[in-house]
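The primary structure of each chain is shown beneath.
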Amino acid sequence: MADDNFPGWHGTTIIAVRKGGKVVIAGDGQVSLGQTVIKGTARKVRRLSPGGQDVICGFAGSTADAFTLLERLEKKLEATPGQLARASVELAKDWRTDKYLQKLEAMLIVSDGKDMLVITGAGDVLEPEHDVTAIGSGGNYALAAGRALMDSDMSAEDIARRAMAIAADICVYTNGKLTVESIG
């Protein structure tokens, strides 16, 4: 929407933490339109099981766009079972080159327990350093908090939950109603 009067959708903080052989992805539930909270309990973290292989993913951006990308990712995973990195690269290539997909506004964090990847519409498939990554409006706050907590005795889930709580205290487009999925 190019309308300058439209305040725009905001919201979403997604964090992924890998620690102790486990990957956890957590996301808040807030969707905002301008200065108004439209929904506080949205589910932005999902578990996919294409071909019986579990993959967890979180998304930031337009929900319809993210669901379109998740469907495409599932198809790529069905074509390349157990190869999350390859399926992610194939999705990113399609996203970058397909005229329809180029208009999609979303980002994904995906993990199969081994790989943890961020996929963007710019054609990026990034494996984060330090076993923590985050996306969305409060992503930088959650990332900083998560990285600071990695040296603690906390579990991956505890780190993700604490980092999300910190992000929710700072970012007005993030709330504390979490969806958490783990794998590994």
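Criteria and thresholds
- Residues numbered from 1 in each chain as written.
- Predicted model: local features only at pLDDT ≥ 70, side-chain atom pairs only at ≥ 80, totals over all residues.
- Heavy atoms only, no water.
- Helix = DSSP H or I, 4+ residues; strand = E, 2+ residues; numbered from the N terminus.
- Buried < 20%, exposed > 50% of the residue type's maximum accessible area, 1.4 Å probe, protein only.
- Contact = heavy atoms within 4.5 Å.
- Pairing = 2+ DSSP bridges.
- Salt bridge = Lys/Arg side-chain N within 4 Å of Asp/Glu carboxyl O.
- Polar contact = N/O pair within 3.5 Å; in protein donor to acceptor, adjacent residues only side chain to side chain.
- Core = buried A, V, L, I, M, F, W, Y, C linked by side-chain atoms within 4.5 Å.
- Arc of directions from axis to C-beta.

Enquirer: What is the right way to read the environment of Phe59 from this model?
Expert: With respect to the secondary-structure elements, Phe59 resides in strand β7 (residues 55–61). Taking the relative accessible area as the measure of exposure, Phe59 reaches 2% and is therefore buried. The sequence separation of Phe59 and Gly27 amounts to 32 residues, and the corresponding C-alpha distance is 8.3 Å. With residues up to four places along the chain from it excluded, the contact list for Phe59 reads Thr12, Ile14, Arg43, Lys44, Ala66, Phe67, Leu70, Met107, Leu108 and Ile135.

Enquirer: Hey, could you run me through the pairing of strand β11 (residues 132–136) in this one?
Expert: Consecutive side chains along a regular strand alternate between the two faces of the sheet. With four of its five residues buried, β11 lies for the most part within the structure. Two elements, strand β2 (residues 13–19) and β11, share five bridges in a ladder whose sense is antiparallel. Residue pairing in the sheet places Ile14 in a bridge with Ile135 of β11.

Enquirer: Hey, could you run me through the pattern of salt bridges in this one?
Expert: It is possible for side chains bearing opposite charge to pair when their charged atoms get close. Scanning all chains against the criterion turns up nine salt bridges. Notably, a salt bridge pairs Asp54 with Arg47, separated by 3.3 Å at the nearest N-O pair. Here Asp54 falls in the partly exposed class, since its relative accessible area comes to 34%. A salt bridge links Arg47 to Glu181; the nearest nitrogen and oxygen atoms lie 3.1 Å apart. Here Arg47 is found in strand β6 (residues 45–48), whereas its partner Glu181 is found in strand β12 (residues 179–183), with 134 residues between them in sequence. Ionic contacts of the salt-bridge type, sharing partners, join the residues Arg43, Arg47, Asp54 and Glu181 into one network.

Enquirer: Hey, could you run me through the side chain of Asp28 in this one?
Expert: Position of Asp28 among the secondary structure elements: in the loop between β3 (22–27) and β4 (31–33). Separated by 3.2 Å, the side chain of Asp28 and the backbone nitrogen of Gln30 make a polar contact. For Asp28, the side chain forms a polar contact with the side chain of Lys44, separated by 3.4 Å. Other than its neighbours up to four places away in sequence, Asp28 contacts Thr12, Thr13, Ala42, Lys44, Met164, Tyr173, Thr174, Asn175, Lys177 and Leu178.

Enquirer: Quick question: what am I supposed to make of the environment of Leu48 here?
Expert: Structurally, Leu48 can be placed in strand β6. Judged by its relative accessible area of 8%, Leu48 is buried. Taking the C-alpha atoms as reference, Leu48 lies 19 Å from Asp28; in sequence the two are 20 residues apart. Those residues within four positions of Leu48 in sequence are excluded, and the remaining contacts are Gln53, Asp54, Val55, Cys57, Leu70, Leu73 and Glu74.

Enquirer: Looking at this model, I keep getting lost on the sheet that holds strand β8 (residues 106–111). Mind explaining?
Expert: By definition, the strands of a sheet pair up through backbone hydrogen bonds, in either a parallel or an antiparallel sense. Read across the sheet, five strands follow the order β6-β7-β8-β9-β10 without closing on themselves; strand pairing throughout is antiparallel. If you trace the sheet from one side to the other, it starts and ends with β6 and β10 (125–126), each paired once. Judged from the two bridges that link them, strand β9 (residues 116–119) and β10 form a sheet pairing that is antiparallel. Looking at β10, one finds that Val118 is bridged to Leu126.

Enquirer: Looking at this structure, I do not really get the nonpolar core. What am I missing?
Expert: Most often, soluble globular proteins have nonpolar side chains that are buried together. In terms of nonpolar packing, the biggest core is built from 21 residues, with Leu69, Leu73, Leu108, Val110 and Ile119 touching the most fellow members. Counting only elements with at least two residues in this core, the list comes to β7, α1 (63–79), α2 (84–97), β8 and β9. Look past the residues within four positions of Leu73 in its chain and what remains in contact with it is Leu48, Ala87, Ser88, Leu91 and Val110. Val132, Ala145, Met150 and Ile159 belong to the second largest nonpolar core, which has 16 residues in total.

Enquirer: I keep staring at helix α3 (residues 139–149) and nothing clicks. Help me out?
Expert: An α-helical turn contains 3.6 residues, so a residue and the one three or four places further along point in the same direction. Along α3, the positions that sit buried rather than exposed are Gly139, Ala142, Ala145, Gly146 and Leu149. Along α3, the residues classed as buried sweep out an arc of 135° about the axis, all on the same side. Of the exposed residues in α3, the ones pointing more than 90 degrees away from its buried face are Asn140 and Ala148. Check the buried side of α3 and you find it contacts β2, β11 and α4 (156–170).

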